[in-house]
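Each chain, letter by letter, is given below.
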Amino acid sequence: MAARLLTFVSLLLPGVRGVQITTTTRQTIHGVGASGAWWVNDLALYPDDVRQNVSDLLLNQTTGLGLTDYRYNLGGGGVGVTTWDRAPETPYVSDGVYNWSADAAGTYYLREAARQGVPVITLFVNSAPITMTSNNQSCGGDLVTERIPAYAQYLTDVISHWKSEGVEITHVSPMNEPDDSFGSCNQEGMQVVPGQRAEVVTTLAASLKAAGLSTLVIADESSDTTNYNNDEPVWLNATVGESLGGNCHHLYNFASAATQQEVFEYGRNLSGGVPTWFSEICCYNAANSNESDDPLATLTYSSQYDPTMLSGLRMAHLVWQSFTYAEDSHWDWWTALSNEIGCTLSSNATCWDNIQSSGWDDGLIYYDPDYNSTENYNIKLTKRYSVLKQFTKGVPVGAVRRAVTPDSDTTDDAWRVLAFDYDSACEQYSTCAQVPYSVVAMNAQWNASSITLTSNGTFALTQPVAMYRTSVTEDYAEAEVPTLSANGSLEIDAPEMSIVTLFF
């Protein structure tokens, strides 16, 4: 199809929101994903049919969530870590010597990601093997500078091994949250001070290239905008950027959209234009009590288990901010599964259907933390799972975002809209004409509402071929497609607290 670029103008109709989607090209999207940390250790003790079902739910590109990035956590061995399921095994025995049967729990899903055709597979590390950390533990220490070449070779050897096994690791993150050593040792962690990071990146990139691998290095996965802003100028420049495939960050200070825009544009400029990636987030609640039921609330890092659309749309709003303000090219949730439900299922079998103040919004799917004694192997899909599906399906790898006007994060409008052109994603479909573009629109309010799209005459708005919706009562359900009017406008009616993806 020739006419893939659309321009819409807003209709000034009372009570109906209008939006303009311009022909301005923004960033190319490289994936939407989640990680295999650390639920894989629990799931290794589940029945085989449940493990396979989880694989299909997360990784199947047709019937499942269809994650387009799966983040495999390469363990450091868990030495010193006090939480058993956060202590993944490592294949490292000594320099150049490996036990490839180690971490069967984690590599099961790594293999599944490859088998299911996940287009982006990222290997990320919380801690190097203990011969490379300052305290000879998998937490609480620093990366030893003199061991950086050995560390790079270790990662290269692991990636080469998996390539020989038919698993193509497309990206590697050698330092996940290097601004924190995780000295409490409730999980693996290793500090990599800013002065070491350029050497880690360039040494690893050179090692991968020498081994004939196409794997790209991503870094540095700083935990928040403050640390990112302080640390990046120390180590990142255009020369180092030549060794980077993605300039990564987390957002655990839940910085405002304006701050994200400023900080990550700065990072892209420092790196010589390397795309920024939003590679981890979870665990939030409203920062202000008067916004407790507002999906667009200012958020703060906090405990709370919420399987409802409230948390689902808060996640969607983070995606929207990331793509529109930060202009990130990639978006990852933290972990795909969790057992942090904040209640006891053996006492109340339906407690995980409701908000629990002592749980955590860190997963998409949940399982019983007491499964070992209860033999309850059921799993619970949250609304975050279904909401994320609106993006994994609507924003394939290679999709190009189109600027939307107005796109300001204003408090008087509860609609959030994204538009994507599929010019560079055509290879994922049998013909480009199947799905030339998509619109993802979120009605983030406790009332039904409508939004109207209209072409300006430069390009004709076409009839959508499909629409899928997640709402209070629906989970990525096929919905009635709105009809293109005689004057070329398209009105989307949405129930309260819902998100839709239209395919054109």
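Residues numbered from 1 in each chain as written. Predicted model: local features only at pLDDT ≥ 70, side-chain atom pairs only at ≥ 80, totals over all residues. Heavy atoms only, no water.

Caption draft 1: Layout of the UniProt feature "domain: Endo-beta-1,6-galactanase-like" (unreviewed entry) in the protein. In the numbering adopted here, UniProt assigns the feature "domain: Endo-beta-1,6-galactanase-like" (unreviewed entry) to residues 23-225. Strand forms 20% of residues 23-225 and helix 31%; the C-alpha atoms that close the span are 30 Å apart. (UniProt positions renumbered as here; feature names shortened; annotations may be inferred. Helix = DSSP H or I, 4+ residues; strand = E, 2+ residues; numbered from the N terminus.)

Caption draft 2: The arrangement of unusual backbone geometry in detail. Following Ala37, the chain continues to Trp38 via a peptide bond in cis, the omega torsion being -15°. Of note, Trp38 is situated in the loop between strand S2 (32-35) and helix H1 (40-43). Along the chain, Ala219 connects to Asp220 via a cis peptide bond; the corresponding omega equals 5°. You can see Asp220 is positioned in strand S10 (residues 216-222). Residues other than glycine seldom take positive phi values, yet Glu221 does so here, at roughly 60°. Relative to the helices and strands, Glu221 is located in strand S10. Classification of Glu221 by relative accessible area gives buried; the value is 0%. Although it is not a glycine, Glu327 sits at a positive phi angle of roughly 55°. As for its position among the elements, Glu327 is in the loop between helix H9 (309-326) and strand S15 (331-335). (Buried < 20%, exposed > 50% of the residue type's maximum accessible area, 1.4 Å probe, protein only.)

Caption draft 3: Looking closely at the packing of aromatic side chains. Scanning the model with the defined rule gives 24 aromatic pairs in all. Between Tyr284 and Trp333 the ring centres are 6.0 Å apart and the planes differ by 80°, which places this aromatic pair in the edge-to-face class. You can see Tyr284 sitting in strand S13 (residues 284-286) and its partner Trp333 sitting in strand S15, a full 49 residues away along the chain. By way of ring pairs, the aromatic residues Tyr92, Tyr98, Trp100, Tyr151 and Tyr154 are connected into one cluster. Over the ring of Phe124 we find Arg71, and its NZ or CZ is 4.4 Å from the ring centre. (Phe/Tyr/Trp six-rings, centres within 6.5 Å; stacked < 30°, edge-to-face > 60°. Lys NZ or Arg CZ within 6 Å of the ring centre and 35° of its normal.)

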